[in-house]
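# Structural features, examined
Listed below, chain by chain, are the residues.
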Amino acid sequence: YQKSKDLLDRASQVLAGGVSSEFRKYNHPHAIFYTHGEGTRIYDVDGNAYLDFTLSQGPLIVGHSHPRVLEAVENYSKDGQLFAGQHIKEIELAEKLQQLIPSAELMRFCLDGSEAVQTAFRIARAKTGKHKFLRFEGHYHGWLDNVAWGISTASVEALGNEDDPNVFPWSAGLSPNSKDDFIVLPWNDLALVERIVAEKHNELAAIITEPIMCNNGCIVPHEGFLQGLRTICNRYGIALIFDEVITGFRLGLGGAQQYYDVTPDLSIFAKAIASGYPISAIVGKKEWMEEIVSARVIHAGTMNTSNPTVAAALATISVLEQDSDTHNRMFRLGNRLISGLREAAKQTGQNLQVQGPGPMFNTAFTSLSAIKNYRDTFQTDKIKLKQFIAGLHDRGIRVIGRGLWYISAVHTEEDIDHAINVSETVLKEIE
Ligand code: PMP
């Protein structure tokens, strides 16, 4: 890893904080730098290859450097950079999403998930005339000021010291009043949501939720929970916002809203929509998106919908659509890996707990039979997880440091079986 080590010295001179801290999760003494990725493999500067289940934090749903995505980006780039709307491809993409996503009557494009979340908040406030949001513990909605208050992955270590963990900031420098935007509740407790909304609906503009709590534990909704949120929002005329940044395109082309058959008023798609090229969509029912149509709500952004990003989105969707079995396959492969990991845990006597729908899932070390809410994640053994993730990395398999695995449309059965075998070897070594 000498080349990576040298690059870290160079990076530290110009990049504040050096580089991403993800390498610490791999128990590595220093960061590793990567040169390129292809399909399901990623390569580092010292010539090591890795089977990749991080997919660059999720977006690479058709794998690294998919030739059709690259070709589309190259072709459309030749048109010159046509920014800020007013080119045909943007309409084509919107038409495509309108066909695919059940609630997408109208939409707008932004650069990333965080911006689209804030746009949804703005629309919800404009239409309801109310200013607060109900959100859930352990759900991540980006890194901008208001959503960076509250329980989050980064606050876990520090939580024990806080009197009120619901308002723990995981960054310095946040606008001090932005925490007042939120009421934070545990997820999957419909009776509690009903009670609190009945009390506070006069202040609430929206409920925002990840349809699956992907960022902490990969917890699926209880049966009827999402539908219950829908009913509550209808009752009080507040917006139901689905943050589909992870679930979108991953559970199916219509996202979690199609998978669970619950239609939100507004939803956010990012990550996989364009294989990681910077574009996100805020989509929704006409009566809510109308706030933008009427120009009551400003939506701007110089860089929105540049041709390469729109091209990448159209190409990614077309690759996913070309084979009607794509999503079933991702479920099958994911579930094969989940079963294999559970079996390997049994064989090695490790308390590895694996849960999630298949195309993404979470691994944790815990005696709990299931992680049912965010606070359960505090009871997982972070040291063992680190040994596991680091052991996999040393043997050429990359998994997101907090234990999340993503399956792409280009992973193969051999990749899955290889990952199971290597996991078993690593599990044997963990003390
Ligand atoms: N919502 C969810 C559910 C996410 O997982 C993320 C990113 N991990 C975001 C919002 C923010 O998206 P972005 O990083 O594109 O700003």
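Rules used in this analysis
Residues numbered from 1 in each chain as written. Predicted model: local features only at pLDDT ≥ 70, side-chain atom pairs only at ≥ 80, totals over all residues. Pairing = 2+ DSSP bridges. Helix = DSSP H or I, 4+ residues; strand = E, 2+ residues; numbered from the N terminus. Axes fitted to C-alpha atoms, helices over the stretch in contact; angles between N-to-C directions. Near = placed C-beta within 6 Å. Nonpolar A, V, L, I, M, F, W, Y, C, P; charged D, E, K, R; others polar. Domains from an automatic or database assignment. Contact = placed C-beta atoms within 7 Å. Core = buried A, V, L, I, M, F, W, Y, C linked by C-beta atoms within 7 Å. Buried ≥ 20, exposed ≤ 12 C-beta atoms within 10 Å, placed from the backbone. Expected span 1.5 Å × (residues − 1). Parallel < 35°, antiparallel > 145°, perpendicular 65-115°, else oblique. Left-handed = near helix turned anticlockwise from the far one by under 90°.

Another aspect to go through is the sheet that holds strand β6 (residues 182-185). Strand order in this open sheet of seven strands is β4-β10-β9-β8-β7-β5-β6, and the pairing throughout is mixed. With partners counted over all chains shown, the strands left at the sheet margins are β4 (106-110) and β6, one partner each. The sheet shows a mean angle of 20° between the axes of neighbouring strands, direction not considered. Direction of pairing for β4 relative to strand β10 (residues 280-284): antiparallel, over a ladder of five bridges. The residue bridging methionine 107 from the neighbouring strand is valine 283, located in β10.

In a beta sheet, neighbouring strands pair by backbone hydrogen bonds and run either parallel or antiparallel. Taken together, the three strands give an open sheet; going across it, the order is β11-β12-β14, and neighbouring strands pair in antiparallel fashion. On the outer flanks of this sheet lie β11 (352-355) and β14 (404-406), each paired with one strand and no other. Across this sheet, the average inter-strand angle for adjacent strands is 25°, counted without regard to direction. Here β11 runs beside strand β12 (residues 360-365); their pairing, made up of four bridges, is antiparallel. Across the sheet, residue glutamine 353 finds its bridge partner in β12, namely alanine 364.

This part is about the site of the ligand. In the vicinity of the ligand lie 13 residues, with Asp112, Gly113, Ser114, Gly142 and Val245 positioned nearest. Of the residues that constitute the shell around the ligand, the class distribution is five nonpolar, five polar and three charged.

As a further point, take the environment of histidine 222. Assignment of secondary structure puts histidine 222 in the loop between β7 (204-209) and α8 (225-236). Along the backbone, histidine 222 and tryptophan 187 are 35 residues apart, and their C-alpha atoms lie at a distance of 9.4 Å.

The next point concerns the domain arrangement of the chain. Each assigned domain of the chain is listed here: domain 1 (2-65 + 324-429) and domain 2 (67-321). Once you take the C-alpha centre of each, domain 1 and domain 2 turn out to be 25 Å apart. Taken together, the contact pairs 26 residues of domain 1 with 30 residues of domain 2. Elements with a minimum of two residues in the side of domain 1 that touches domain 2: α12 (326-348) and β12. Looking at the side of domain 1 that touches domain 2 element by element, the count peaks at three residues for β12. Across the side of domain 1 that touches domain 2, the residue classes tally to 13 nonpolar, ten polar and three charged.

Counting 115 residues, the largest nonpolar core has Ala120, Ala206, Ala239 and Ile241 as its most contacted members. A total of eight residues in this core trace back to one element, the largest contributor, which is helix α11 (residues 307-321). Each of domain 1 (2-65 + 324-429) and domain 2 (67-321) contributes no fewer than three residues to this core. Beyond its immediate chain neighbours, meaning those up to four positions away, alanine 239 contacts Ala124, Thr128, Ala205, Ala206, Cys233, Asp265, Leu266 and Trp288.

Before going further, it helps to spend a moment on α11. Between its first and last C-alpha atoms α11 spans 21 Å; for 15 residues at 1.5 Å apiece the expected length is 21 Å, and the two agree. Among the 15 residues of α11, twelve are classified as buried, and the element is accordingly described as predominantly covered. Restricting attention to buried positions, one finds in α11 the residues Asn307, Pro308, Thr309, Val310, Ala311, Ala312, Ala313, Ala315, Thr316, Ile317, Val319 and Leu320. For α11, the elements touching its buried residues are α3 (67-77), α4 (88-100) and α12.

Glancing now at the packing of α12 against helix α14 (residues 413-429). Following both chains from N to C, one finds α12 and α14 inclined at 20°, their axes separated by 9 Å at the closest point. The angle between the axes of α12 and α14 places the two elements in the roughly parallel class. Along this stretch, α12 crosses α14, giving a crossing that reads as right-handed. Together, Leu333, Arg336, Leu337, Gly340, Leu341, Ala344, Ala345, Gln347 and Thr348 of α12 and Glu413, Ile416, Ala419, Ile420, Ser423, Glu424, Leu427 and Lys428 of α14 make up the contact between the two elements. Grouping the constituent residues of the contact of α12 with α14 by class yields nine nonpolar, four polar and four charged.

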